[in-house]
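So you can see what is in the structure, the chains are spelled out below.
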Amino acid sequence: MTKMTKMTSANALPLNTILAGDCVEVMNSLPENSVDLIFADPPYNLQLKGELHRPDNSKVDAVDDDWDQFSSFAAYDKFTQDWLKAARRLLKPDGAIWVIGSYHNIFRVGASMQDAGYWILNDVIWRKSNPMPNFRGKRFTNAHETMIWASKSEAGKYTFNYEALKSLNEGIQMRSDWVLPICNGGERIKDDNGDKAHPTQKPHSLLHRVLVGSTNPGDVVLDPFFGTGTTGAVAKMLGRDFIGIEREEAYRKVATKRINDIRKFDKDALQVSTSKRAEPRVPFGQLVERGMLRPGEQLWSMNGRHKAKVRADGTLIGDDVKGSIHQVGAALEGAPSCNGWTYWCFKRDGKTVPIDLLRQQIRAEMSERPN
């Protein structure tokens, strides 16, 4: 059950809770180095002058709320610097932040991020497949927003689920321009009067990609400008914990109801594709120790041209070459390097079996062990 509260404890992290109040004050009340990821959708400071109308003279429901009003660029910069400082204090050393904005504010935000010590990893363009047209016809249709992805510091590590994003993109490396629709239709949350509950509600698809790509199940995701709770809804669905901060009571009520209606995916569904490098390391010698391969047993190259004998210490000997599965394979092929796991195989009951099959068996056993 999602909770709304005005008070926080410095000794505990209020997980899966929407906190009421000013984002800087609330963030400063939370424990230092406690959050894995921050997704921030701050006010854009749109500087709208008067009402905006369509060609048929109907009024556009644009962003004209008080929370997007700043007296000057200097005032906006001060606001930005304050919340970025508070956010950086909360991030774990290997944490990261995403900030989304438009041309009105993102360049000022980016400079403030660098001044605050963040290390920019990418700027990602969200290209809207169905943007709102430019009604006045005096500028290009504004069809994108920019997200800045940054680590806490230049030396900081961060989560990047490269293989998972590649899988989302049908096996092609994910680029930094994302074509996704704006939030409309059944996804757009309405208030009791049938109007938009929030003028800048972000689509589920955008947060899904961000969280799958840069967090893991169980991570803590904080959104200091929570609005109607897209970050919290997607985090809950994907098995992440969230903390939302929102000063507007109307938005908190909408977000609470929305998130309470969300069901978390089951454990199997939360798993994503990982790279080979992310999998547990298994020394070849462990196969020998466990009797999966015996000292003196013959290994064959997958191409059938070479063979080598397994030794008791997990090394191979073949054609007067001694060393690891990688070293012997490279020497026999006259190559600068060789992945021994995919190069060698053994024979069982007349069948050729890659040694990597034994490694995967051990890895599967390791993943089944209780924490």
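Remember, predicted model here, so these are calculated numbers, not experimental data.

This paragraph deals with the confidence of the model for the protein chain. Per-residue pLDDT for the protein chain averages 87, and the proportion of residues at 70 or more is 88%. For residues 48-56, every residue scores under 50 in pLDDT, and the model assigns this stretch 17 contacts once sequence neighbours within four places are set aside. Low pLDDT, under 50, characterises residues 58-63; the stretch is placed with 19 contacts to residues that sit more than four places away or in other chains.

Bringing the nonpolar core into the picture now. With 34 residues, the main nonpolar core has W98, M147, W178, L206, V210 and L211 as its most contacted residues. When near neighbours in sequence (up to four residues on either side) are disregarded, W178 contacts W98, V124, I125, W126, R127, M147, L206, R209 and V210. Counting 30 residues, the second-largest nonpolar core is a separate cluster that includes V35, L84, I148 and V220.

The next thing to look at is unusual backbone geometry. Unlike most non-glycine residues, D320 shows phi in positive territory, near 65 degrees. Inspection of the secondary structure puts D320 in the loop between strand 12 (316-318) and strand 13 (321-323). A positive phi is found at D349, a non-glycine position, where the angle reads about 50 degrees. You can see D349 is positioned in the loop between strand 14 (344-348) and strand 15 (351-354). Take D349: its relative accessible area is 80%, and that puts it in the exposed class.

Relative to the assigned elements, V221 resides in strand 8 (residues 220-223). The class for V221 is buried, based on a relative accessible area of 0%. Taking the C-alpha atoms as reference points, V221 and V35, 186 residues apart in sequence, are found 6.4 Å from one another. Apart from residues lying up to four places away in sequence, V221 is in contact with L37, L211, T215, T231, R240, D241, F242 and I243.

Spatially, 6 strands are ordered 13-12-11-10-14-15 in an open sheet, and the strand pairing comes out antiparallel. The strands lining the two open edges of the sheet, one partner per strand, are strand 13 and strand 15. On average, adjacent strands in this sheet sit at an angle of 35 degrees to one another, irrespective of strand direction. In the sheet, strand 14 pairs with strand 15 via 4 bridges, with the strands oriented antiparallel.

Attention shifts here to the pattern of salt bridges. Under the counting rule described, the total for this entry stands at 13 salt bridges. For the salt bridge of K92 with D36, the shortest nitrogen-to-oxygen distance reads 3.1 Å. Note that K92 is positioned in strand 4 (residues 91-101) and D36 in strand 3 (residues 35-40), a separation of 56 residues in sequence. Judged by its relative accessible area of 15%, D36 is buried. D82 is the partner of K78 in a salt bridge, and the nearest nitrogen-oxygen pair spans 2.7 Å. On the criterion of helical spacing, the pair formed by K78 and D82 is a turn pair, its members being 4 residues apart in helix 2 (residues 73-90). D82 sits in the partly exposed class, given a relative accessible area of 31%.

This part covers helix 2. An ideal rise of 1.5 Å per residue puts 26 Å on 18 residues; helix 2 measures up with 26 Å between its terminal C-alpha atoms. Among the residues of helix 2, those classed as buried are Y76, D77, F79, T80, W83, L84, A86, A87 and L90. Where helix 2 is buried, its residues touch helix 1 (23-28), strand 3, strand 4, helix 3 (106-116) and strand 8.

Within the element layout of this structure, T17 appears in strand 2 (residues 17-20). Judged by its relative accessible area of 3%, T17 falls in the buried class. Separated by 3.0 Å, the side chain of T17 and the backbone oxygen of L15 make a polar contact.

Conventions and cut-offs
Every residue gets a number counted from 1 within its own chain, in the order that chain's sequence is written. Note on the predicted model: pLDDT of at least 70 is required for a residue's local features to be given, and 80 or more for side-chain atom pairs to be given and counted; whole-chain, interface and lining totals, by contrast, use all residues. Calculated side-chain values reflect all of the structure's heavy atoms, with hydrogen atoms and water omitted. For every residue, the pLDDT score states the predictor's confidence, bounded by 0 at the bottom and 100 at the top. The contact definition used throughout considers only heavy atoms, calling two residues in contact when any of these lie within 4.5 Å. Nine residue types can take part in a nonpolar core, namely buried Ala, Val, Leu, Ile, Met, Phe, Trp, Tyr and Cys, and a core is a set of them joined through side-chain atoms within 4.5 Å. Each residue is placed in one exposure class: buried if its accessible area under a 1.4 Å probe, protein chains only, is under 20% of its type's maximum, exposed if it is over 50%, and partly exposed if it falls in between. Numbering of helices and strands starts at the N terminus; helices are DSSP runs of H or I of at least 4 residues and strands are runs of E of at least 2. We treat two strands as partners when DSSP finds at least two bridges between them. Here an angle of 0 to 180 degrees is reported between the N-to-C directions of two axes, which are lines fitted to C-alpha atoms, with helices fitted over the stretch in contact. A pairing counts as a salt bridge when a side-chain nitrogen of Lys or Arg comes within 4 Å of a carboxyl oxygen of Asp or Glu. Under the convention used throughout, the expected extent of a helix is 1.5 Å for every residue step, that is, one less than its residue count. What qualifies as a polar contact is a pair of N or O atoms within 3.5 Å, subject to a donor-acceptor requirement within protein and to the restriction that residues adjacent in sequence count only when both atoms come from side chains.

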